[in-house]
Amino acid sequence: MKKFIFSLENVLRYKQETLGMLKNEMTQLQMKIRELEKTISGIKREYAELNHALALELKSGVISNSMAIYKRYFAELDRRAGSLELQKAAVRKTAAAKQAEIVHMKSDISGLEKLRDSQRRAYEAQGRKEQEQVLEEFVSHKTVAADCRMA
């Protein structure tokens, strides 16, 4: 009996490779999100530290010139944090789309694997039938040959 060959094996292999690439891209997007969150956290920490420093200076009497500098720097920190939050939202949106692609690809692969398994079972069942037929013919020929010798 010849070996089972799944006609869509190349398609299945291509989809599996594509799934691997999608997973790698998803990993990179998740790393980018973590990096942005870390940067945002650093900006917020710097903001809190400067706010504390400003509070200490206000107690000791701060010059209006220093206050203006703090105000501009706080505005810049807010702007950078807001920009990074927008970037993070965009990357999260891309990651959600990539996750949907991964789910769809897994579904396609699962369907192809089920089809392959179904075809393999049908192929093996056909092979067993053929073997049974060969055995039946062999047994019936032996019986016929034995009957002919006896007669």
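Residues numbered from 1 in each chain as written. Predicted model: local features only at pLDDT ≥ 70, side-chain atom pairs only at ≥ 80, totals over all residues. Heavy atoms only, no water.

J.: Account for the overall build of the chain, naming residues and giving values.
T.: When its secondary structure is counted, the chain shows two helices and zero strands. Its C-alpha atoms give the chain a radius of gyration of 36 Å, more than 25% over the compact-globule value 15 Å for 151 residues. By its C-alpha atoms, the chain is 130 × 20 × 15 Å across when sized along the principal axes. Looking at the chain as a whole, 19% of its 151 residues are labelled buried. Pairs at least 24 apart in sequence give 88% of the contacts found in the chain among residues at least 6 apart. Here the chain has roughly 11600 Å² of accessible surface; of this, 57% comes from carbon and sulfur atoms. Charged side chains of the chain number 28 positive and 21 negative; the gap between the two group centres comes to 4 Å. (Helix = DSSP H or I, 4+ residues; strand = E, 2+ residues; numbered from the N terminus. Rg over C-alpha atoms; globule rule 2.2 N^0.38 Å. Buried < 20%, exposed > 50% of the residue type's maximum accessible area, 1.4 Å probe, protein only. Contact = heavy atoms within 4.5 Å. Areas by Shrake-Rupley, 256 points an atom, 1.4 Å probe, with all protein chains shown as cover. Lys, Arg positive; Asp, Glu negative; His and termini not counted. Charge placed at Lys NZ, Arg CZ, Asp CG, Glu CD.)

J.: Let's hear about the environment of Ala-53: which residues, and what values?
T.: Its location among the elements puts Ala-53 in helix 1 (residues 9–60). Taking the C-alpha atoms as reference points, Ala-53 and Tyr-70, 17 residues apart in sequence, are found 9.9 Å from one another.

J.: Could you give an account of the packing of aromatic side chains, with specific residues and numbers?
T.: Applying the stated rule across the entire model yields three aromatic pairs. Consider the rings of Phe-4 and Tyr-123, whose centres lie 5.5 Å apart with planes at 55 degrees: the pair is tilted. With Phe-4 in the segment before helix 1 and Tyr-123 in helix 2 (residues 64–150), this residue pair connects regions lying 119 residues apart in the sequence. Phe-4 gets classed as buried once you look at its relative accessible area, which sits at 17%. Classification of Tyr-123 as partly exposed rests on a relative accessible area of 23%. (Phe/Tyr/Trp six-rings, centres within 6.5 Å; stacked < 30°, edge-to-face > 60°.)

J.: Please set out the pattern of salt bridges residue by residue, giving values where relevant.
T.: In this structure the tally under the stated criterion is nine salt bridges. Across the pair Glu-37 and Lys-88 runs a salt bridge whose closest N-O atoms are separated by 3.9 Å. Here Lys-88 lies in helix 2 and Glu-37 lies in helix 1, a separation of 51 residues in the sequence. Take Lys-88: its relative accessible area is 14%, and that puts it in the buried class. Here Lys-88 makes a salt bridge to Glu-85, at a shortest N to O gap of 3.6 Å. A residue pair is termed a helical-turn pair when its members lie 3 or 4 positions apart in one helix, as Lys-88 and Glu-85 do in helix 2 at three residues. What you see here is one network of salt bridges that share partners, running through Glu-37, Glu-85, Lys-88 and Arg-92. (Salt bridge = Lys/Arg side-chain N within 4 Å of Asp/Glu carboxyl O.)

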